[in-house]
Amino acid sequence: MRHLLRNLALYAVAAWASLTLNFLIPRLMPGDPASTMFARFRGQLQPEAIDALRVAFGFTNEPLYKQYFTYVVHLFQGDLGLSVAYFPAKVTDVIATGLGWTLLLAGAAVIISFALGTTLGVVATWRRGGWLDSVLPPVLVFLGAFPYFWLAMVLLYVLGFNLGAFPLRHAYDDALAPAFSGEFILSVVQHMMLPASAIVIATLGGWMLSMRSTMVGVLSEDYITMANAKGLSQGRIMFHYAARNALLPNVTGFGMALGFVLSGSLLTEIVFSYPGQGYLLIQAVRNQDYPLMQGIFLTITLAVLGANLLVDILYVWLDPRTRTR
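The structure reproduced in this document is the subject of the present report. (Residues numbered from 1 in each chain as written. Predicted model: local features only at pLDDT ≥ 70, side-chain atom pairs only at ≥ 80, totals over all residues. Heavy atoms only, no water.)

### Side note on the overall build of the protein chain
Piece 1. In terms of helices and strands, the protein chain carries 15 helices and 0 strands.
Piece 2. Residue burial in the protein chain is summarised as follows: out of 325 residues, 41% are buried.
Piece 3. Long-range pairs, those at least 24 residues apart, make up 73% of the contacts in the protein chain with a sequence separation of at least 6.
Piece 4. Carbon and sulfur atoms make up 68% of the accessible area of the protein chain, which amounts to about 17700 Å² in all. (Helix = DSSP H or I, 4+ residues; strand = E, 2+ residues; numbered from the N terminus. Buried < 20%, exposed > 50% of the residue type's maximum accessible area, 1.4 Å probe, protein only. Contact = heavy atoms within 4.5 Å. Areas by Shrake-Rupley, 256 points an atom, 1.4 Å probe, with all protein chains shown as cover.)

### Quick word on the packing of aromatic side chains
Piece 1. Counted under the stated rule, the structure contains 7 aromatic pairs.
Piece 2. Consider the rings of Phe114 and Trp207, whose centres lie 5.2 Å apart with planes at 85 degrees: the pair is edge-to-face. Note that Phe114 is positioned in helix H5 (residues 91–126) and Trp207 in helix H9 (residues 182–218), a separation of 93 residues in sequence. Taken as a pair, Phe114 and Trp207 share a single burial class, namely buried.
Piece 3. Both rings, one in Phe142 and one in Phe146, keep their centres 5.2 Å apart while their planes meet at 90 degrees; by these two values the pair is edge-to-face. (Phe/Tyr/Trp six-rings, centres within 6.5 Å; stacked < 30°, edge-to-face > 60°.)

### Some remarks on the packing of H5 against H9
Piece 1. For the pair H5 and H9, interaxial distance at closest approach is 5 Å and the crossing angle is 35 degrees. The way H5 lies across H9 gives a crossing that is right-handed. (Axes fitted to C-alpha atoms, helices over the stretch in contact; angles between N-to-C directions. Left-handed = near helix turned anticlockwise from the far one by under 90°.)

### A word on a nonpolar patch on the surface
Piece 1. Together, Phe149, Trp150, Met153, Val154, Tyr157, Val158, Phe161, Leu163, Leu168 and Leu267 make up a nonpolar patch on the protein surface, roughly 950 Å² of accessible area in all.
Piece 2. No other element matches helix H8 (residues 148–162), which puts 7 residues into the nonpolar patch.
Piece 3. Mapped onto the fold, Val158 is located in helix H8.
Piece 4. The exposure class assigned to Val158 is partly exposed, which follows from its relative accessible area of 37%. (Patch = residues over 30% accessible without salt bridge, like charges linked within 9 Å, V, L, I, M, F, W, Y side chains within 5 Å. Salt bridge = Lys/Arg side-chain N within 4 Å of Asp/Glu carboxyl O.)

### Let's talk about the nonpolar core
Piece 1. The biggest cluster of nonpolar side chains holds 13 residues, and the ones touching the most others in it are Trp101, Tyr172, Phe184, Val188 and Tyr274.
Piece 2. When residues of this core are traced back to their parent elements, those giving at least two are H5 and H9.
Piece 3. Here this core takes 6 residues from H9, the largest share from any one element.
Piece 4. Apart from residues no more than four positions distant in its own chain, Val188 is found in contact with Trp101, Leu104, Ala171 and Tyr172. (Core = buried A, V, L, I, M, F, W, Y, C linked by side-chain atoms within 4.5 Å.)

### Overview of the pattern of salt bridges
Piece 1. Applying the stated criterion across every chain, the model contains 2 salt bridges.
Piece 2. Two residues, Arg212 and Asp133, come together in a salt bridge whose shortest N-O distance is 2.6 Å. Here Arg212 is found in helix H9, whereas its partner Asp133 is found in helix H6 (residues 131–134), with 79 residues between them in sequence.
Piece 3. Residue classification places Arg212 among the partly exposed positions, given a relative accessible area of 21%.
Piece 4. Take Asp133: its relative accessible area is 11%, and that puts it in the buried class.

### Looking at the environment of Pro275
Piece 1. Among the secondary structure elements, Pro275 is positioned in the loop between helix H13 (266–271) and helix H14 (277–286).
Piece 2. You can call Pro275 partly exposed: its relative accessible area is 21%.
Piece 3. Note: C-alpha distance between Pro275 and His170 (105 residues apart in sequence) is 6.7 Å.
Piece 4. Beyond its immediate chain neighbours, meaning those up to four positions away, Pro275 contacts Thr97, Gly98, Trp101, His170 and Ala171.

### Looking at the packing of helix H10 (residues 222–229) against helix H11 (residues 234–246)
Piece 1. Their axes nearest at 10 Å, the elements H10 and H11 cross at an angle of 165 degrees. Compared by their axis directions, H10 and H11 come out roughly antiparallel. In this structure, H10 crosses over H11, and the sense of that crossing is right-handed. Taking contact as the criterion, the partners of Tyr223, Ile224, Ala227 and Asn228 in H10 are, on H11, Gln234, Ile237, Tyr241, Ala242 and Asn245. (Parallel < 35°, antiparallel > 145°, perpendicular 65-115°, else oblique.)

### Side note on the environment of Leu155
Piece 1. Its place among the elements puts Leu155 in helix H8.
Piece 2. As a C-alpha pair, Leu155 and Ser197 span 42 residues in sequence and 8.5 Å in three-dimensional space.
Piece 3. In this view, Leu155 contacts Gly160, Leu194, Ser197 and Ala198; residues no more than four positions away in its chain are not counted.

Written out as structure tokens, the structure reads:
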């Protein structure tokens, strides 16, 4: 418990630092969102409007510490300001539109890739020298050398454009309205097959090789020899004794990957016009939408910290030695 409380305090400090940096960085940059929006209207707004826009976006002439206090109060109220690109929509509303799709696409892809790659690493190491251990790692490493977006474009061209097996763009059929129905769910699954496959293919080799390299060391430990001498079943030794102790490095990587899920697989979402966080981030950068960029970065940071906290809790369960530190 002391170990978790100490880590919780560290994460609280890290969260405060990220909040503060998120406040300071846009104010250190030249210009502000109000000036950007004023220039976009090309003289259609009165000069007095720029002051009202600055107030609306939280850029006032007040001392910096007062602006910071107001920013923190608004943050705890769930108010991240107004979006420039989607004005006058709130940043929280804009982020909410892409958050669910990103969690569904990238979250499902990361979980499938981690589970499949880790299991393949365990089985391949247990049967060293077999075809699974000889053929699969170099093939997956070769595929993993290609960037996400390149694999996404190949899958889109071959399976989507030429064969017509899967939809080409968006998250669901344009003729359907979002609803909890079988037809809509089937359409969502069909639309996420290609982008999710691109992410899984590109990351599967990393999970498998990481698990394999750790398993090789664990299988030479004395307690594995003892378990074999006691006549325990091979399945129990493989998963309960070997895989459980070799899993820690992969769990750390999984926590980091899970945290970065919210950043979306940016280019993959662009290739498939998938309306997730990555797509929103590109739109924010193109339109110099600082409030939206701040909101997305803050969401990503808090997600990474939350995922790492979950990994720490998992560590305590997987490795009893951490409970005595």
